[in-house]
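Chain by chain, the residues:
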Amino acid sequence: MAALAHDDLLRRAKDLAPPTLHHVDGREEPGGGSTFPVVSPRDGQVLAEVADARQAEVDLAVAAARRAFDSGPWPRLAPADRGRILLRVADLLEAHRTELALTISLEMGKPISDAYGIELRAAISTFRWYGQLADKLTDESPHTAPDALALVTREPAGVVGAVVPWNFPLTLASWKVAPALAAGCTVVLKPSENSPLSALLLGRIATEAGLPPGVLNVVTGDGPVAGRAIGLHPDVDVLAFTGSTAVGRHFLRYAADSNLKRVWLELGGKSPNIVLPDAPDLEKAAATAAWGIFFNQGEMCTAPSRLLVHSSVAERVTEAIVARAGELRVGDPLDPATEMGALVGEAHLERVLGHIGTGLDEGARLRTGGGRTLAGTGGSFLRPTVFDRVDPGTRLAREEIFGPVLSVLAFDDLDEAVRLANATEYGLAAGLWTSDLSTAHRVSRALRAGTVWVNCYEEGDLTVPFGGMKQSGNGRDKSVHAIEKYTELKTTWIQL
């Protein structure tokens, strides 16, 4: 992709013909015939009319997954054989990498360089990692009295409903689908209605890779209908969701109102990024803070949207971030030189602008940005935005904005920093910049967050788990711990 020019990518984008029908039981399924438009945030144009799932289409997909689990070969394959198919999925994702990156850029506005170099790298790595892990999982045989044998085994949990958002449509789908498949489960995947095309491509690729019919099904539709139908379905055994805290609450209710299915939630965040005056490199801390909030247009649950910086260096760090915001190249997502693309759509852009207006009303100082840009393109573009003098009790400091909007809060001592960091209903991630090893350990332990990055941000690989505390959710994606969500523990006690 790196060798392709903007014009080449525009030409390829015009030739794209992604699937638009549900992927059920290994084939394309039109369902009842109703559709909805997928609108590109780069120019406001309709990309495709995609099949719109109602209850009947969800029932069809779940029935296919149920058959594939109850009587199909997938749960009964040797783990090494499942692993080989997942590795083949990874290989085919690599082969279709440019097509998938273009699709993601078009449907949700991500810069093509990030879609190709970050999103696709993550998705490919995820299928490859779990493909390699599949035959390396072990069961237990606890020591018992000599007259008995105890076995503790992990068995696939059954049919998994996976509902994923639009901000990382293929990465987050892979984080759910790959470990579920490695464990021997079957899956019904529902992508966001804003980004269904890449998920439908994933379904097609998985079948081409050799997944038996019904093992991975993809249904497209909106949350209140298709998502609700999956959440309430009595034949779905596990629900894995990434998205807003409000919708996560709905899935817990659906589970209570149906079959008490296990629900695993990765939800919102208002992540603190603490910069102490003894940070090993203040320039790097500022550059990383700017990258973290503006990457992916700020549409990240882990975005370091609250910069907590010591008052002695607050202005120096803030000025550096403001300068970087002014340099950032906002533009066409299909231009390889673009650093920040379009927000996912007009409705979301208006929501983010509403938060900016609230911040101004609350008395925060706007240092840069605050309004839309490139309006003549028809796209949903926002200027990178920085506020300082933010009161910690205001909505700007407490509510998830999910856009390129940074709130800077100053503090005077470490205890105050920790109090501010934890003064949120969320607990997904946090950052800390310090040269003192004891401070790094003490503060990391004190922060109520599922991931704490020290002298970095958004780093890590598939060996480490990802997930949150408090109202940021439960359970973990990535690593061997993700397998726990998709398996049931069984004890077998044999009297000798």
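Residues numbered from 1 in each chain as written. Predicted model: local features only at pLDDT ≥ 70, side-chain atom pairs only at ≥ 80, totals over all residues. Heavy atoms only, no water.

For the record, the criterion: UniProt positions are given in the numbering used here, feature names are shortened, and annotations may be inferred rather than shown by experiment.
Labelled according to an unreviewed UniProt entry, the chain appears under the name Aldehyde dehydrogenase, originating from Streptomyces griseoruber. The record in UniProt for the chain states the following under Sequence similarities (unreviewed entry): "Belongs to the aldehyde dehydrogenase family."

Focus: the sheet that holds strand β19 (residues 429–433)
Condition: Note on pairing: DSSP must find at least two bridges between two strands before they are called paired. Counting from the N terminus, the helices are the DSSP runs of H or I reaching at least four residues and the strands are the DSSP runs of E reaching at least two. Note on geometry: axes are C-alpha line fits, over the in-contact stretch for helices, and angles between N-to-C directions span 0 to 180 degrees. Residues are treated as being in contact if the distance between any of their heavy atoms lies within 4.5 Å.
The strand order β13-β16-β17-β12-β11-β19-β20 describes an open sheet built from 7 strands, whose pairing is mixed. Of all the strands in the sheet, just β13 (365–368) and β20 (451–454) have a single pairing partner and so form its edges. Going across the sheet, the axis of each strand differs from the next one's by a mean of 20 degrees, ignoring polarity. Alignment of strand β16 (residues 385–388) against strand β17 (residues 405–411), held across 3 bridges, turns out to be parallel. Opposite T385, over in β17, you have V405 as the bridge partner. Contacting β11 (272–275), β12 (306–310), β13, β16 and β17, helix α11 (residues 314–327) runs over the sheet at an angle of about 50 degrees to β13.

A closer look at the pairing of β17
Filter applied, for reference: Here the term buried applies to any residue with accessible area under 20% of the maximum for its type, exposed to any over 50%, and partly exposed to those in between, with areas from a 1.4 Å probe on protein chains only.
In terms of burial, β17 is largely enclosed, as 6 of its 7 residues are buried. Bridging between β12 and β17 involves 5 bridges; their strand directions are parallel. Its bridge partner being in β17, V309 is matched across the sheet by A410.

Examining the domain arrangement of the chain
Reports often express the size of an interface as the amount of accessible area lost when the parts come together. Here is the rule: Domain borders in the structure are assigned automatically or taken from a domain database. Throughout, the accessible surface (probe 1.4 Å) given up by two parts as they are put together, summed over both, is called the buried area. When a carboxyl oxygen of Asp or Glu is within 4 Å of a side-chain nitrogen of Lys or Arg, the pair counts as a salt bridge.
When its domains are assigned, the chain resolves into domain 1 (6–267) and domain 2 (272–454). In this structure, domain 1 and domain 2 have C-alpha centres spaced 31 Å apart. Counting residues at the interface gives 26 residues for domain 1, matched by 28 residues for domain 2. Contact between domain 1 and domain 2 buries roughly 2,100 Å² in total, counting both sides, with carbon and sulfur atoms accounting for 61%. Here domain 1 is connected to domain 2 by 1 salt bridge.

A look at the packing of helix α8 (residues 223–232) against helix α9 (residues 245–257)
Two measures define how a pair of helices packs: the angle their axes make with one another and the distance between the axes. Formally: Convention used here: angles under 35 degrees read as roughly parallel, angles over 145 as roughly antiparallel, angles from 65 to 115 as roughly perpendicular, and any remaining angle as oblique. By convention the crossing between two helices is left-handed if the near helix lies anticlockwise of the far one by an angle smaller than a right angle, and right-handed if it lies clockwise. Nonpolar residues are Ala, Val, Leu, Ile, Met, Phe, Trp, Tyr, Cys and Pro. Charged residues are Asp, Glu, Lys and Arg, and all others, Gly as well, are polar.
At a closest axis distance of 8 Å, the pairing of α8 and α9 adopts a crossing angle of 40 degrees. Comparing the axis directions of α8 and α9 gives the class oblique. Relative to α9, α8 is oriented so that their crossing is right-handed. From α8, G227, R228, G231 and L232 reach across to α9, where they touch F251, Y254, A255 and D257. Among the residues forming the contact of α8 with α9, the class breakdown is 4 nonpolar, 2 polar and 2 charged.

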